[in-house]
Amino acid sequence: LAMGTLLALSSCSQKASQLAPDFSAADMTVNSEISSVKTAIACLPEESALMAAHRGVSENWDLPENSASGLQRLINENYLVAEIDVASTKDGTLFLFHDGVWEDTSTGQGPVAASMAADLDKILLKSRKGTLASERPLTLDDALGLAKDKLYLEIDFKSSASETEVIQAIKEKEMDDQVILIAYTSEQAAKLQALAPNMVLSAPGQEEGRGLNPENTLLWMGRDIASVNNPTDTLGHIGMVGRASETVKPGPLRKGKLLVTDFPDEFPPILGLTDEKLETYKSCLAAGEPRES
């Protein structure tokens, strides 16, 4: 797969504040609506990438992962992408949680998939460091409401969650083009494309040419493809394949990139987006199409 020029990462040891121009979600809007995630990626200048917060938080913040406080801090600090994990209770309530059991990151006990919706009101979240928070597991509906027009979401489906129901919840919030759906296998990618043909997918890197729509497909290229500072900082490198719509100027979407990190606060929201490139990026966003509601 020709991924184009890899990121220029030599300056990443600098503080994020030194690298980040004056840019926020407000700059992603066209006609008062946030640009689609496809446009946001297509418009990225060369040697730049959106930074996605793994599990919706930075490990440096000592906040619970997949939590309202983590997502709100990302929004407050002008980050643009959060990777989140969606699970389900036994009786069908969708909520954000990564692990298969409650113990490590909450006051809950036992298998997450065996819990009922009423149990969520009895559980408090913890950070990975063990710090107890005064917040409950975040429902998907509340997470979508918090992120709408403010934050792009990369959605990881836990085995307990129905992909059909998650996609329906996204559609009900009219956030079809504000999300990226993660697939780990060819079969899952095909299923997600059939359920949500207009949503952007993240599929395994070898999936190019296997029947997926290239205009809506990101290819996961594996861990540490673009190492930042040390191999554990960057979890993976995704590149878009195919071409944007005629209204988007940069051409091949594979020029756009997205990096997932456990430490988003150590990097600017868009890595490599210098002050000189900022106005070009804004102009491209304005020339592209806004979100379709």
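Please refer to the structure higher up on the page.
Bear in mind the structure is a predicted one, so any value in this text is a computation, not a measurement. (Residues numbered from 1 in each chain as written. Predicted model: local features only at pLDDT ≥ 70, side-chain atom pairs only at ≥ 80, totals over all residues. Heavy atoms only, no water.)

**Quick look at the overall build of the protein chain**
Argument step 1. Broken down by element type, the protein chain carries seven helices and 12 strands.
Argument step 2. When the 293 residues of the protein chain are sorted by exposure, 54% land in the buried category.
Argument step 3. Across the protein chain, contacts joining residues at least 24 apart in sequence account for 65% of those joining residues at least 6 apart.
Argument step 4. Per element, the accessible surface of the protein chain, about 12300 Å² overall, is 47% carbon and sulfur. (Helix = DSSP H or I, 4+ residues; strand = E, 2+ residues; numbered from the N terminus. Buried < 20%, exposed > 50% of the residue type's maximum accessible area, 1.4 Å probe, protein only. Contact = heavy atoms within 4.5 Å. Areas by Shrake-Rupley, 256 points an atom, 1.4 Å probe, with all protein chains shown as cover.)

**Details of helix H4 (residues 140–147)**
Argument step 1. Of the positions making up H4, those classed as buried are Leu140, Ala143, Leu144, Leu146 and Ala147. With its buried residues spanning 160 degrees around the axis, H4 presents them on a single face.
Argument step 2. For H4, the secondary structure elements touched by its buried residues are helix H3 (68–76), strand S4 (81–88), strand S5 (94–96), strand S6 (152–157) and helix H5 (163–172).
Argument step 3. At the exit of H4 stands aspartate 149, carrying a positive phi of roughly 65 degrees. (Arc of directions from axis to C-beta.)

**Details of the nonpolar core**
Argument step 1. Counting residues in hydrophobic clusters, the biggest one holds 38 residues, and the most contacted among them are Leu71, Leu153, Ile155, Val166, Ile170 and Leu181.
Argument step 2. The element that contributes the greatest number of residues to this core is H4, accounting for five residues.
Argument step 3. With sequence-adjacent residues up to four places away left out, valine 166 is seen in contact with Val86, Leu94, Leu140, Ile155, Phe157 and Ala161.
Argument step 4. Formed by 22 residues, the second largest nonpolar core is a distinct cluster that contains Leu258, Val260, Ile270 and Leu278. (Core = buried A, V, L, I, M, F, W, Y, C linked by side-chain atoms within 4.5 Å.)

**Notes on the packing of aromatic side chains**
Argument step 1. With the rule as written, the count across this model stands at two aromatic pairs.
Argument step 2. Ring centres 5.7 Å apart and planes at 10 degrees place the aromatic pair phenylalanine 95 and tryptophan 102 in the stacked group.
Argument step 3. The class for tryptophan 102 is buried, based on a relative accessible area of 0%.
Argument step 4. Measuring from ring centre to ring centre gives 4.6 Å for phenylalanine 97 and tryptophan 102, while their planes differ by 50 degrees; the resulting arrangement is tilted. Each member of the pair, phenylalanine 97 together with tryptophan 102, is buried.
Argument step 5. Linked through ring pairs, Phe95, Phe97 and Trp102 together constitute an aromatic cluster. (Phe/Tyr/Trp six-rings, centres within 6.5 Å; stacked < 30°, edge-to-face > 60°.)

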